Amino acid sequence: MRIIALVNQKGGCGKTTTAINLASCLANAGKKVLLIDLDPQGHVALGLGIGTEEMDKSIYEVLLGETPITNAIVSLSDNLDAVLSDVVLSAFEQSMAGTPGRENRLRQSLKIVANDYDYLIIDSPPSVGLLTFNGLMASNEVIIPVDPSYFSLHGLGKLLETIQIIEERAGHELSIKILATNIDLRTNFCKEVLATLIEHFSDKCFDSVIHTCTRIREATSHGKSVVEYDKHCNAFRDYQELTQEILGQEADMEAKVSRFELLSDIEKEEEQRTVTFTVEAPVDADVQIAGDFNQWKPEVLNFTDKPEDPTWQKIFTLSPGSYEYKYLVNGLWVVDPDNDKIADNPLGGTNSVIDV
Ligand SMILES: Nc1ncnc2c1ncn2[C@@H]1O[C@H](COP(=O)(O)OP(=O)(O)O)[C@@H](O)[C@H]1O
Ligand SMILES: [Mg+2]
């Protein structure tokens, strides 16, 4: 069984569109496919025209361990099944806070269907949080859809770094491929983006490219894949080509990760680390910290009573990974003055970054 996650922290780059259409084309090619939605926005259900009344259990109950995945499977056609999500999934990160092994919830839940499918396709939310980590830890392969925008190119390097950290720290190998999406070759900007991708990441890029196609938007609004909606449009041709390219890698991939069951046998307990955050500030200051590790909810630091060196500190137990954070000193957000590693944040400022 090949397990492929669609990942990119940027929204609107074609993750869900690719997940739905790749899964449909693979099923159309005779493969048994399970499509899993890890995004609380529930776009897979919307894109396939499935109402909430058809969904008895969602991926949320599966990840919490309340029900086996087999109870959450919705059958879409002979070869295509799905496990869907809805907005309650956004509570997952918080309900799992501090629980050891929380990155491996999806991986664990898949064991019972390991022999039932040829392909598992996992759609992820537009963030690199616990849900995406679950997708990556469950997968052997990652497809990063990249649409032609400055933000996509900008985020690509950081995403590759994050995946590399997961690989190293968790000892979990992933084969990474980049897929150019929404490409309109009539614009110079698209041509430049494509050229930049090939120049910097040629070994990682699929030969197939997904061109801009209005039929995709129409198909989505009708709750259908392009396989169902229009077998003559460019998007169907592009996704068919991508499917053939992926099918063509089968021998290679199977040699790399022979069987999922073997992989699950060598799972190890996740190693947690203690990290102490310290910042200098006067004794009467109000000092808090917020970051990816506490869902950006500011928490008060403790004052360490050394008059010559007034320091505030807080200890967190963190799983391996990359975390962004900031201090809140007397109501003002500041980056960590003792940490040179920073990242741009969506608000136009910067955050400090720590690799655990
Ligand atoms: N090749 C394409 N041509 C035209 N529109 C596209 C194409 N791929 C995706 N879209 C549209 O772009 C929007 C965002 O795509 P989506 O797959 O939902 O992105 P993501 O899941 O990464 O947020 C959707 O409205 C989708 O219909
Ligand atoms: Mg999506």
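As the structure is a computational prediction, the values presented were derived from the model and not from experiment. (Residues numbered from 1 in each chain as written. Chains lettered and ligands numbered in written order. Predicted model: local features only at pLDDT ≥ 70, side-chain atom pairs only at ≥ 80, totals over all residues. Heavy atoms only, no water.)

Caption draft 1: Summary view of the packing of helix 6 (residues 130–138) against helix 7 (residues 150–170). Two numbers describe how helix 6 lies on helix 7: the axes approach to 11 Å, and their chain directions differ by 60 degrees. Compared by their axis directions, helix 6 and helix 7 come out oblique. With respect to the hand of their crossing, helix 6 and helix 7 are arranged in right-handed fashion. For the pair formed by helix 6 and helix 7, the contact residues are Phe133, Leu136 and Met137 on the first element and Thr162, Ile163, Ile166 and Ala170 on the second. By residue class, the composition of the contact of helix 6 with helix 7 is six nonpolar, one polar and no charged. (Axes fitted to C-alpha atoms, helices over the stretch in contact; angles between N-to-C directions. Helix = DSSP H or I, 4+ residues; strand = E, 2+ residues; numbered from the N terminus. Parallel < 35°, antiparallel > 145°, perpendicular 65-115°, else oblique. Left-handed = near helix turned anticlockwise from the far one by under 90°. Contact = heavy atoms within 4.5 Å. Nonpolar A, V, L, I, M, F, W, Y, C, P; charged D, E, K, R; others polar.)

Caption draft 2: Layout of the pairing of strand 1 (residues 2–6). In terms of burial, strand 1 is a largely internal element, five of the five residues being buried. Here strand 1 shows two buried faces, one formed by Arg2, Ile4 and Leu6 and the other by Ile3 and Ala5. As defined by bridge partners, strand 1 adjoins strand 5 (residues 119–123) across five bridges and the pair is classed as parallel. Along strand 5, the bridge assignment pairs Ala5 with Ile122. Here strand 1 runs beside strand 6 (residues 141–146); their pairing, made up of three bridges, is parallel. (Buried < 20%, exposed > 50% of the residue type's maximum accessible area, 1.4 Å probe, protein only. Pairing = 2+ DSSP bridges.)

Caption draft 3: The side chain of Ser139, seen in detail. With respect to the element layout, Ser139 can be found in the loop between helix 6 and strand 6. Since its relative accessible area comes to 0%, Ser139 is described here as buried. A polar side-chain atom of Ser139 sits 2.6 Å from the main-chain carbonyl oxygen of Gly135. (Polar contact = N/O pair within 3.5 Å; in protein donor to acceptor, adjacent residues only side chain to side chain.)

Caption draft 4: Structural detail: the pattern of salt bridges. All chains considered together, the criterion is met by ten salt bridges. Taking the shortest distance from any N to any O, the salt bridge between Asp230 and Arg215 comes out at 2.8 Å. In this pair, Asp230 is assigned in the loop between helix 10 (226–229) and helix 11 (234–248) and Arg215 in helix 9 (residues 214–221), connecting sequence segments 15 residues apart. Here Asp230 falls in the buried class, since its relative accessible area comes to 13%. Accessibility expressed as a relative area gives 29% for Arg215, which makes it partly exposed. Connected through shared salt-bridge partners, Arg215, Glu218 and Asp230 make up one network. (Salt bridge = Lys/Arg side-chain N within 4 Å of Asp/Glu carboxyl O.)

Caption draft 5: Structural view of the packing of aromatic side chains. For the structure on display, the rule yields eight aromatic pairs. With a centroid separation of 5.1 Å and 35 degrees between ring planes, the pair formed by Phe277 and Phe293 is classed as tilted. Linking Phe277 in strand 8 (residues 273–280) with Phe293 in the loop between strand 9 (287–291) and strand 10 (299–300), this pair joins segments that are 16 residues apart in sequence. An aromatic cluster is built from Phe277, Phe293, Phe316, Tyr323, Tyr325 and Tyr327, whose rings are joined through pairwise contacts. (Phe/Tyr/Trp six-rings, centres within 6.5 Å; stacked < 30°, edge-to-face > 60°.)

Geometric descriptors of this kind do not, in isolation, establish any biological role.
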